[in-house]
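Chain and residue survey
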2 protein chains.
Amino acid sequence: MKRIFGEIEGFKEGHQFNNRMEISISGIHRPPQAGISGSQNEGADSIVISGGYEDDKDFGNEIIYTGHGGRSNETGKQVADQQLTRQNLALAKSCLEGLPIRVIRGRHKGSKFGPDEGYRYDGLYLIEKYWKKKGKSGYYVFLFKLIKIEKSISNIQNIVEESPEEYQTKRVSTQVQRIIRNTQLSRKIKDLYNYKCQICNTRIETSSGYYAEAAHIKPLGSPHNGPDVIENLLCLCPNHHVMFDFGGFSILPNLDIIGIEGGLTVHKKHKISIDYLSYHFEHFYDERNKKDF
Amino acid sequence: MKRIFGEIEGFKEGHQFNNRMEISISGIHRPPQAGISGSQNEGADSIVISGGYEDDKDFGNEIIYTGHGGRSNETGKQVADQQLTRQNLALAKSCLEGLPIRVIRGRHKGSKFGPDEGYRYDGLYLIEKYWKKKGKSGYYVFLFKLIKIEKSISNIQNIVEESPEEYQTKRVSTQVQRIIRNTQLSRKIKDLYNYKCQICNTRIETSSGYYAEAAHIKPLGSPHNGPDVIENLLCLCPNHHVMFDFGGFSILPNLDIIGIEGGLTVHKKHKISIDYLSYHFEHFYDERNKKDF
C-alpha cells in the first residue's frame, strides 16, 4: 500500500478513535502497535504519542519525541543506546525532506494534551530538527522536535500559494524544507570570508551578488539555545551547510574535519569555540551512520 | 551614517508623516526624493510607494514594486530598459540576503491602501522574489514582490525563537532567507537523478540520507504561476539551486548552460519544457549583470 503523507481524506483534526486497530484501518497510522510509521527510504508519515518515554516532552504545538529502540522488553527501561536506523532513520528522513507527520495522541498520565479517553488525531507536524543526547537513563537516545503546521507553515505557504483552492489541494504534499536564517552577525562572518565556504572555498555568484550562509555550530533555538556569536558561526556554501546541519560531517577540537575529505579554512580573526564544536560532534555527528543509502 | 535594517526605535507601524523631509529626519527613509533607499553592497532598507509606476500593484500585504530607472525626466514615461544596478541591485541584494524593507505609502490616486493624506509607515516587508519583464511601456522593467512580515515571517520565527524577549530583540535583524519547498513531484525528480545535481553531479550525503532539491524552472506562485510538473523541474544541489533562482546561470533551448561552465545532465525519461526554459532565461537571467561585485 502506498504511504500517504499529510491529511487522510475523511479524517479531520480532532477525530477520536477508540483503539489502535481503528486508527490502523483509517490509514491515519497503519502499524497496529509501533509508535512510528515509516521506512528509511520513504520517510515517516505518522507517530502515536502514548507516554512511556522518559525523555518525551509535550507542549501541545511543540513536541520533543524520543526515537525507537534500546528499551528492555521486560522492564520498558532504556538499557542500550538508540541507533539512527529503521524508524528513527525514517523520522530523520522526514526532517531532511520536510515531510508532514500525522500526530495521534493517546490518553496517558502526565500529559495535559492527551485526550480523556482513547486516541485523537491531532493534525500535521513538521520535524524541525533531530539530534542525539544522553537521556535520563544514561544511554544515547534520538530526539525529534515536532512543530505543529497550523501554527507555522500554513502561514509560510500563504506567501507563495496564491489561490485558496491551490493551497488546499497542495497542502498534503507541499511543505517547507529548509529555513535559512539571517542574524545580526551573519553578514559579519560572510564578509570576513568574502563569501567563500570555509570547507570548499566555493563562492556562489548570482546576478545580485555573492551568496553564502552563516551556519550556527550549536544551533539557535530550543532546546540547544546556541548563542548568536561569531565563535559559534561558520561561513559555508549551501551544500556544506546542509551536510553540517544533518551530520554529514563534523569538526574536531583540533579543527580537523571528520566525515568528509578536506580541511577547514580559518581566518586569523575568527576564534571558533571548541565547546560549540564538541556540542555539534556529540549531538549531530554519528560515525556509525555513515552508511550506504 | 550606518544603514539600519528593520524597525526604527520610536516609530511604530502606522506612524503618519506630513512630508518626505519628516520621513528623512526620522530615519525611516533617509533619501529626501528617491523612492528606494539602499546601496548595492549593503542592500535596500526602505522604499516609498507614491504611485507613478504603471507596473506597480498594491494588494496591501503584498506589493509588486517596480524598480528604478529608464523614465523620461520630462514626461515620466518609461523610455528605456531598466538595469539591475544601483537601487535595483540594492533591492535584489535584500532579496538574496532576506533583509527586511520598511515600506512607506504616500497618498495617491488609484491605491486604496495609501493614506488619506501625507505619508504613513506601513511596517516591514520581505522581498520574496524579483524578475524582469517587458512592462506596459514595451521596455524591460525590474519587478520586486514584497510580502508583509507580520503575515508571514513572524510566524516562521516562532518556530525557532523561543523566548518572547529574544524574539523582540532579534526582530530587526533576524529574517528568513531562503525557503525551499517540497511538492508532490519533488521526490520523483530526485529519484530519477538519484539525488545527483544535473549541473555538477554532486550528491550531498547526510546522516539521514542523500539530499537534493527540486528546482522549478518557471517559479510556482504568483505572478509566474509555473506548474508543478516534471517538465518544469530540475534536480539540483543547493548551490546550483541558489544560482539558478538568482540568475547566476540559465539554460538555452538546446540545453546548453549560459552563465557558468559545464553542461546539463538530462535523463532520457525527463522531457524539459523549452517554454519554461525560455521563461527563466527572459525573466531571471541577465548577461549584463555578470559583474564583479
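Residues numbered from 1 in each chain as written. Chains lettered and ligands numbered in written order. Predicted model: local features only at pLDDT ≥ 70, side-chain atom pairs only at ≥ 80, totals over all residues. Heavy atoms only, no water.

**Re the overall build of chain A**
- Check the secondary structure of chain A and you find seven helices and 15 strands.
- Here chain A holds 293 residues, and 58% of them are scored as buried.
- Counting contacts in chain A only where the partners sit at least 6 residues apart, residues at least 24 apart contribute 61% of the total.
- Working note: accessible area of chain A is about 12600 Å², and carbon and sulfur atoms make up 48% of it. (Helix = DSSP H or I, 4+ residues; strand = E, 2+ residues; numbered from the N terminus. Buried < 20%, exposed > 50% of the residue type's maximum accessible area, 1.4 Å probe, protein only. Contact = heavy atoms within 4.5 Å. Areas by Shrake-Rupley, 256 points an atom, 1.4 Å probe, with all protein chains shown as cover.)

**What about the nonpolar core?**
Residues and elements named next belong to chain A.
- Membership of the largest hydrophobic core comes to 42 residues, with the highest contact counts inside it found for Ile47, Tyr65, Leu91, Phe144, Leu146, Leu234 and Ile251.
- By residue number, the principal contributor to this core is helix H2 (residues 86-97), which donates six residues.
- Domain assignment of the residues forming this core places at least three in each of domain 1 (16-170) and domain 2 (186-289). (Core = buried A, V, L, I, M, F, W, Y, C linked by side-chain atoms within 4.5 Å. Domains from an automatic or database assignment.)

**Here's the deal with helix H6 (residues 238-245) of chain A**
- Taken across its eight residues, H6 of chain A has seven buried, putting it largely inside the fold.
- Taken as a whole, H6 of chain A has its buried residues at Pro238, Asn239, His240, His241, Val242, Met243 and Phe244 of chain A.

**A few points about the side chain of Ser26 of chain B**
Residue and element names in this part refer to chain B.
- Position of Ser26 relative to the elements: it lies in helix H1 (residues 20-26).
- Judged by relative accessible area, Ser26 falls into the buried class, the value being 11%.
- Excluding its chain neighbours within four sequence positions, the residues that come into contact with Ser26 are Ile8, Phe11 and Phe17.

**A few points about the environment of Asp228 of chain B**
Residues and elements named next belong to chain B.
- By secondary structure assignment, the location of Asp228 is in the loop between strand E12 (213-216) and strand E13 (233-236).
- Of the residues examined, Asp228 reaches a relative accessible area of 18% and is grouped as buried.
- In this structure, the C-alpha to C-alpha distance between Asp228 and Gly209, residues 19 residues apart in sequence, is 24 Å.
- What Asp228 contacts, discounting residues up to four positions off in sequence, is Thr183, Gln184, Leu185, His216, Leu220 and Leu233.
- Looking at Asp228, its side chain comes within polar contact range of the side chain of His216, at 2.8 Å. (Polar contact = N/O pair within 3.5 Å; in protein donor to acceptor, adjacent residues only side chain to side chain.)

**Side note on the packing of H6 of chain A against helix H6 (residues 238-245) of chain B**
- Close contact between H6 of chain A and H6 of chain B brings their axes to 6 Å; oriented N to C, the two are set at 140°. For the element pair H6 of chain A / H6 of chain B, the angle class is oblique. Here Pro238, Asn239 and Val242 of chain A of H6 of chain A lie close against H6 of chain B, whose contacting residues are Pro238, Asn239 and Val242 of chain B.
- The residue inventory of the contact of H6 of chain A with H6 of chain B, partitioned by class, reads four nonpolar, two polar and no charged. (Axes fitted to C-alpha atoms, helices over the stretch in contact; angles between N-to-C directions. Parallel < 35°, antiparallel > 145°, perpendicular 65-115°, else oblique. Nonpolar A, V, L, I, M, F, W, Y, C, P; charged D, E, K, R; others polar.)

**Some words on the packing of aromatic side chains**
- The tally for this structure, following the rule as stated, stands at twelve aromatic pairs over all chains.
- On the numbers, 6.4 Å between centres and 40° between planes, the contact of Tyr195 of chain B with Tyr210 of chain B is tilted. You can see Tyr195 of chain B sitting in the loop between helix H5 (186-192) and strand E10 (204-206) and its partner Tyr210 of chain B sitting in strand E11 (residues 209-211), a full 15 residues away along the chain. Note on accessibility: Tyr195 of chain B and Tyr210 of chain B belong to one class, buried.
- Grouped by ring-pair contacts, the aromatic residues Tyr130, Phe144 and Phe246 of chain A constitute a single cluster.
- The ring of Tyr210 of chain B has Arg203 of chain B lying over it, and the distance from NZ or CZ to the ring centre is 3.9 Å.
- Positioned above the aromatic ring of Tyr279 of chain B, the side-chain terminus of Lys218 of chain B is 4.6 Å from the ring centre. (Phe/Tyr/Trp six-rings, centres within 6.5 Å; stacked < 30°, edge-to-face > 60°. Lys NZ or Arg CZ within 6 Å of the ring centre and 35° of its normal.)

**Describing the domain arrangement of chain A**
Residue and element names in this part refer to chain A.
- In terms of domains, chain A is made up of domain 1 (16-170) and domain 2 (186-289).
- Averaged C-alpha coordinates put domain 1 and domain 2 at centres separated by 29 Å.
- Each partner contributes residues to the interface: domain 1 has 14 residues there, and domain 2 has 15 residues.
- Together domain 1 and domain 2 conceal approximately 1200 Å² of surface at their shared face, both sides included; 50% is due to carbon and sulfur atoms.
- Looking at the side of domain 1 facing domain 2, the largest losses of area belong to Lys129, Trp131 and Lys132, adding up to 42% of the total buried there. (Buried area = accessible area lost by both parts, 1.4 Å probe.)

**Some words on the pattern of salt bridges**
- This structure, assessed with the given rule, holds 23 salt bridges over all chains.
- A salt bridge links Asp45 of chain B to Arg3 of chain B; the nearest nitrogen and oxygen atoms lie 3.1 Å apart. Placement of Asp45 of chain B in strand E3 (residues 43-49) and of Arg3 of chain B in the segment before strand E1 (16-17) is noted, with a sequence separation of 42 residues between them.
- Asp122 of chain B is the partner of Arg105 of chain B in a salt bridge, and the nearest nitrogen-oxygen pair spans 2.7 Å. Of the two residues, Arg105 of chain B is situated in strand E6 (residues 101-106) and Asp122 of chain B in strand E7 (residues 119-134); the sequence distance between them amounts to 17 residues. With respect to burial, Arg105 of chain B and Asp122 of chain B carry one shared label: buried.
- Here the salt bridges share partners, and the residues they tie into one network are Arg3, Glu42, Asp45 and Arg102 of chain A. (Salt bridge = Lys/Arg side-chain N within 4 Å of Asp/Glu carboxyl O.)

**As for the pairing of strand E12 (residues 213-216) of chain A**
Residues and elements named next belong to chain A.
- Alternating positions in E12 separate into two faces, Glu213 and Ala215 on one and Ala214 and His216 on the other, with burial throughout.
- The sheet contact formed by E12 and strand E13 (residues 233-236) spans four bridges and is antiparallel. By the bridge assignment for E13, Ala214 is matched with Cys235. (Pairing = 2+ DSSP bridges.)

**Brief notes about unusual backbone geometry**
Residue and element names in this part refer to chain A.
- At the junction of Ser222 and Pro223, the peptide bond is cis and its omega measures out at 0° in the coordinates.
- For Pro223, the location among the structural elements is in the loop between E12 and E13.
- Even without being a glycine, Asn201 presents a positive backbone phi close to 65°.
- Given a relative accessible area of 43%, Asn201 falls into the partly exposed group.

**Details of helix H7 (residues 274-284) of chain B**
Residues and elements named next belong to chain B.
- Of the positions making up H7, those classed as buried are Leu277, Tyr279, His280, His283 and Phe284. Burial along H7 is one-sided: seen end-on, the buried residues are contained in an arc of 155°.
- The elements touched by buried residues of H7 are E7, H6 and strand E14 (250-251).
- At the N-terminal boundary of H7, the capping side chain belongs to Ser273, with an oxygen 3.2 Å from the backbone nitrogen of Asp275. (Arc of directions from axis to C-beta.)

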